[in-house]
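Report on the structure
Residues per chain, in single letters:
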Amino acid sequence: MYNVARSPSALQTSARRRRTATTWFWKGIAVLVLSGISIFVLFPAVWMLSTSLKTNAQLFSGEVTWIPRPAMWSNYVKAWVSVDFTRYTLNTTLYAGSVVIGTLVSNSLVAYGFIRHKFWGREVLFAILLGTMMIPGMVTMIPQYILFSKLQWTGSYLPLVVPAFFGNAFYAFLLRQFFMGLPKDLFEAARIDGAGEMWIWYKVVLPLSKPALATVALFSFEGAWNDYVGPVIYLNDPNLYTLQIGLSMFRNTSDVTWQFVMAASVFIMLPVVILFAAFQRYFVEGAAVSGIKG
Amino acid sequence: MSKKRFRPSRGEVRESLISYLFISPWLLGFLVFVAGPMLFTLYSSFTNYDITSTFDWVGLRNYTRLFTDRLFLKSIYNTGYYTVFSVPLGIAVGVLAAVLVNLEIPGQKLFRTIFFLPRILTGLSVLLLWVWVFNPEQGVINSLLNVVGIHNTPLWLNDEHWSKPALIIMSAWTALGSVVIYLAGLQSVPRQLYEAASIDGATPVRQFLSVTIPLLSPTIFFKVITGINGALQSWVNAMVMTKGGPSDSTLFYGLYMYRIAFTDMRMGYAAAMAWIMLFITLIITGIQFWGSKRWVYYEGEGR
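Residues numbered from 1 in each chain as written. Chains lettered and ligands numbered in written order. Predicted model: local features only at pLDDT ≥ 70, side-chain atom pairs only at ≥ 80, totals over all residues.

**Let's talk about the overall build of chain B**
Helices and strands together make up the secondary structure of chain B, namely 13 helices and zero strands. Tracing chain B from N to C terminus, the helices and strands come up as α-α-α-α-α-α-α-α-α-α-α-α-α. Its C-alpha atoms give chain B a radius of gyration of 25 Å, clearly above 19 Å, the size a compact globule of 303 residues would have. Dimensions along the principal axes, computed over C-alpha positions, put chain B at roughly 65 × 65 × 30 Å. By the burial criterion, 38% of the 303 residues in chain B qualify as buried. (Helix = DSSP H or I, 4+ residues; strand = E, 2+ residues; numbered from the N terminus. Rg over C-alpha atoms; globule rule 2.2 N^0.38 Å. Buried ≥ 20, exposed ≤ 12 C-beta atoms within 10 Å, placed from the backbone.)

Shown next, in the form of structure tokens:
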């Protein structure tokens, strides 16, 4: 009202300029806050790398050194041989690999079973499947232990690997959500061509679902690789120990050699970090499809 | 509804059978590894079961004894304390970071990558890393505090008053790994809404409160549910980092249950604890779903 004399275009320009200025002000604040949060995120990780390269003297000097000089790369070798990490890496790889295979096979079968055809009781069973996601892991931990000790499976990998072949509510749900988005015509066309259901599952559903399968593989690998409580409860033979148990052994000695703990931590975490980096695209897609897990 | 009997054709029976075959791995797994064992522990929670020698009916004694068990009550307090602080803090930090990253700012990609770090650094390694970070003498936090002139530094995990706050700080770091999830939610917010709001003269803060939060509320709701369940069940952190100490200040529910079951082998007592936890989880989840009607906004619902 006060700017009647000014042309409409001049009014718009000044309003836009003011808006641009405030936008830049807020963006500046955003970058500042994000930098603060980033420092909080980064400092433990950088501290881990830095510690892994320090000598005992540097560790106890009381100064904050981020880049140790000289850098003790030999800490990594010493950490690797101080406990039997070669064996533990082999064990953990076999364990995680079996879990991934079991998880992929069983859950993709189950997910396909839920979408391929309407059947009596489907809605009720699917509701039960969703419900089991709400059951706390610690509630089933004790009864499962009792079951496996009655089966005399304790002391072996069976209690850790076999359940992976019998489906998992979360992964089955994630895959089912993805499979629902696949074009049903493809299944029908295959059926008309006389294809069996297993063939459709293997040759049509699985090849089209690589992002979802990659997400499930990644999560289940991470779960098994990082599992600590499971191996602690079920494994008692040192020859069967996993990387996580190996790492915990550093802690049991009276004076902890932190540079070795950190060096071992770096190489234990590395495979998961690499896999996440490699599968990041799939992971974000999978997370968007299911809206879940982080 | 008419009570017409459902008479499936032979073909439909066959199709249903095939479907059941496909879902049979989960069905079997559910019966053998979840439902069956849980019913078994429900029964054993009324006994003095210890796996090897005793299995006598004791009625409600396990349950009544729990509520006079000082350590049990302490573990409930510790778990509640941890949940009440860690969940809101984690969600607030995660949403804040995601909303800021989602602005068109310089360095967006770099920030995204940095916030992915807590998601991919996982396992025992991270727990041990934080033990070292919190180390009272050589840890980086206290060393930095010394550098800026604060010498009366906390003992963190070695002090019963600081142990829970220390674990909560760590949980905020972990929660930043969820920024990716919030970003996925934010990306679905149509840009026109912000443009319309800013033309109407809404400040960025106002836009955040009136546009971003309502449209992000389904994601936040999901995080509240899983976050509370996760916090109620977190105990491996305490098992590894503090062994429940000092003075039982980090004895969480799950850790106490683990000790009762696997150190003392009092399975009946532990089974009662497991069922109480199941009830607590169900009640809290139920309350949240009921309360969600008031604040969670689903698009197309129309308000």
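**Overview of the confidence of the model for chain B**
Residues and elements named next belong to chain B. Residues with a pLDDT of 70 or more make up 96% of chain B, whose mean pLDDT is 89. No element of chain B has a lower mean pLDDT than helix α9 (residues 191–199), at 84, and none a higher one than helix α7 (residues 163–175), at 96. Interface scoring of the predicted complex returns ipTM 0.87; its pTM is 0.88. (pLDDT = per-residue confidence, 0-100.)

**Quick look at the domain arrangement of chain A**
How big an interface is tends to be stated in terms of the accessible area lost upon association of its parts. Residues and elements named next belong to chain A. Each domain of chain A was delimited in the assignment, giving domain 1 (8–52) and domain 2 (78–290). Taking the mean C-alpha position of each, domain 1 and domain 2 sit 39 Å from one another. Taken together, the contact pairs four residues of domain 1 with six residues of domain 2. For the side of domain 1 that touches domain 2, the residue count by class is two nonpolar, two polar and no charged. (Domains from an automatic or database assignment. Contact = placed C-beta atoms within 7 Å. Nonpolar A, V, L, I, M, F, W, Y, C, P; charged D, E, K, R; others polar.)

**What to know about the packing of helix α3 (residues 70–102) of chain B against helix α8 (residues 179–187) of chain B**
Residue and element names in this part refer to chain B. At their nearest, the axes of α3 and α8 sit 9 Å apart, and the two run at 55 degrees to each other. On the basis of their axis angle, the class for α3 and α8 is oblique. Regarding α3 and α8, the two cross each other, and that crossing is right-handed. Residues G94, V95, A97, A98, V99, V101 and N102 of α3 form the contact with α8, whose participating residues are V179, Y182, L183 and L186. (Axes fitted to C-alpha atoms, helices over the stretch in contact; angles between N-to-C directions. Parallel < 35°, antiparallel > 145°, perpendicular 65-115°, else oblique. Left-handed = near helix turned anticlockwise from the far one by under 90°.)

**Focus on the confidence of the model for chain A**
Taken as a whole, chain A shows an average pLDDT of 87; of its residues, 89% reach a score of 70 or greater. Note that pLDDT drops below 50 for residues 1–6 of chain A; the model gives that stretch two contacts with residues more than four away or on any other chain.

**Observations regarding the interface of chain A and chain B**
Taken residue by residue, the interface counts 77 residues in chain A and 74 residues in chain B. Looking at the side of chain A that touches chain B, the element that brings in the most residues is helix α1 (residues 8–52) of chain A, giving 18 residues. Among the residues forming the side of chain A that touches chain B, the class breakdown is 53 nonpolar, 18 polar and six charged.

**Some thoughts on the environment of F222(B)**
Position of F222(B) among the secondary structure elements: in helix α10 (residues 204–232). Along the chain, F222(B) and V296(B) lie 74 residues apart, while their C-alpha atoms are 9.9 Å from each other.

**A word on the environment of W258(A)**
Among the secondary structure elements, W258(A) is positioned in helix α14 (residues 258–278). According to the C-beta neighbour criterion, W258(A) is buried, with 24 such atoms within 10 Å. Between the C-alpha atoms of W258(A) and T55(A), which are 203 residues apart in sequence, the distance is 9.9 Å. Those residues in contact with W258(A), other than ones at most four positions away along the chain, are T51(A), L59(A) and W132(B).

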